[in-house]
Structures are given as structure tokens and as C-alpha cells.
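Secondary and tertiary structure notes
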Amino acid sequence: MSWLFKHKVLMLFVIAGAVYWFTSPSGRFGITRKGFVVYNKIPVILFDCYIDPAGGLHLESDLGLQSNITYWFENHFSGYYNKDSGLLPLLIGTGFDDSVEIKFKPELVQRCRDRRFEPHFYPSREAIDRYTTLRGEGKTAALLLKVK
């Protein structure tokens, strides 16, 4: 018992971690702020992110740079094809403030459509809300999100 009193700070961290783990939603977004989002109990702080149609989280470098968008397209986006008829929504969160920080070239938008995805550009909060709504309805969607 005396060990607990000697390590009060450690015990506070353990209790806070347990509360965080059991109160954060699983498979959904928790806290969403500029520079910080929580998805599937995983905090994303220093990176932008991509959530594939299966719900997997991929951390991305600064998506404000065109070279990083190209890297994302070639390495994380290439393996997903829609098996159903129609286009799957690709929700793109452009940033938490009013500025648009993610810009796609028209050729890249067409290449997304060739892979059976329809890009939709929204502010990041609205993109998260739409993604959550679609997943809640049991529909498949992908999300590319500008976090920082």
C-alpha cells in the first residue's frame, strides 16, 4: 500500500489512461481539433491522415505539399477498388480553418475517378461529420484529412 502513495503521479497516469481507453469511441472519431484528432482511440497529433475504406488509419506527411499528395495516391490509395457498382465517396478534409490547404490537380481527381472513387472537398470538421454519418449508415467511404 505504501508503494501506491510513493508513486502517486504514476497512478494518476494509469487511471487517466484507463479512463481514456474506456471512454473513447472505438472505430469512430473522438476529439477533433485543429492539430489533434482521435480516431479509433489513436491520437493523431503531428501528421495528417488517411482512413481507407476498411477503416484502417494511415499517417501522412504534410498534405499541403503536392509531392506528399502524390505519394499518398501512389502508396496508400492504389490498392482499393470498389467491388460494387457506382463510385465510393472519397471525403477530403481541407483544413480546420477557412483556408484550403489541400489542393488536387485535375489529373489526380480524374485518376481517383478511374479507381471508382468520387472526391468531395469539405472543411475537415464537415468531412469528419459526413464520414461518421456514412459509416453509421453502414456505407463504405474513405477520408483524407488535413489535421495540422
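Below you will find a few notes about this structure. (Residues numbered from 1 in each chain as written. Predicted model: local features only at pLDDT ≥ 70, side-chain atom pairs only at ≥ 80, totals over all residues. Heavy atoms only, no water.)

**Examining the overall build of the protein chain**
Along its length, the protein chain carries five helices and eight strands. Looking at the 148 residues of the protein chain, the share that counts as buried comes to 37%. Of the contacts made within the protein chain by residues no fewer than 6 positions apart, 63% connect residues no fewer than 24 positions apart. Summed over its atoms, the accessible surface of the protein chain is roughly 8,800 Å², and 59% of this surface lies on carbon and sulfur atoms. (Helix = DSSP H or I, 4+ residues; strand = E, 2+ residues; numbered from the N terminus. Buried < 20%, exposed > 50% of the residue type's maximum accessible area, 1.4 Å probe, protein only. Contact = heavy atoms within 4.5 Å. Areas by Shrake-Rupley, 256 points an atom, 1.4 Å probe, with all protein chains shown as cover.)

**Remarks on the pattern of salt bridges**
Summed over the entire model, instances satisfying the criterion amount to five salt bridges. A salt bridge links Arg130 to Glu126; its shortest N-O distance comes to 3.0 Å. Residue Arg130 and its partner Glu126 are located together in helix α5 (residues 124–136), separated by four residues, close to a single helical turn. Residue Glu126 is classed as partly exposed on the basis of its relative accessible area of 32%. Across the pair Glu137 and Lys139 runs a salt bridge whose closest N-O atoms are separated by 3.4 Å. The class for Glu137 is partly exposed, based on a relative accessible area of 49%. A relative accessible area of 45% places Lys139 in the partly exposed class. Shared partners join several salt bridges into a network, and the residues in it are Asp48, Asp62 and Lys146. (Salt bridge = Lys/Arg side-chain N within 4 Å of Asp/Glu carboxyl O.)

**Overview of the packing of aromatic side chains**
Enumeration according to the criterion identifies four aromatic pairs in this entry. Between Tyr50 and Trp72, the aromatic rings sit 5.4 Å apart at their centres with planes inclined by 70 degrees, giving edge-to-face as the arrangement. Taken together, the residues span a long stretch of sequence, with Tyr50 in strand β4 (residues 48–51) and Trp72 in helix α3 (residues 66–75) at a distance of 22 residues. Assigned by exposure class, Tyr50 and Trp72 land together as buried. Between the aromatic rings of Trp72 and Phe73, the centroid separation amounts to 6.2 Å while the plane-to-plane angle is 65 degrees, which identifies the pairing as edge-to-face. Members of the aromatic cluster, each reached through a chain of ring pairs, are Tyr50, Trp72, Phe73, Phe104 and Phe121. (Phe/Tyr/Trp six-rings, centres within 6.5 Å; stacked < 30°, edge-to-face > 60°.)

**Remarks on the sheet that holds strand β3 (residues 42–44)**
Pairing is antiparallel across the open sheet formed by three strands, whose spatial order is β1-β2-β3. Two strands in the sheet have a free side with no partner beyond their single neighbour: β1 (29–33) and β3. Adjacent strand axes in the sheet meet at a mean angle of 15 degrees when their direction is disregarded. Judged from the three bridges that link them, strand β2 (residues 36–39) and β3 form a sheet pairing that is antiparallel. Counted as the bridge partner of Val37 is Val44 from β3. The sheet contacts of α5 involve β1 and β2, and relative to β1 the element is tilted by about 170 degrees. (Pairing = 2+ DSSP bridges. Axes fitted to C-alpha atoms, helices over the stretch in contact; angles between N-to-C directions.)

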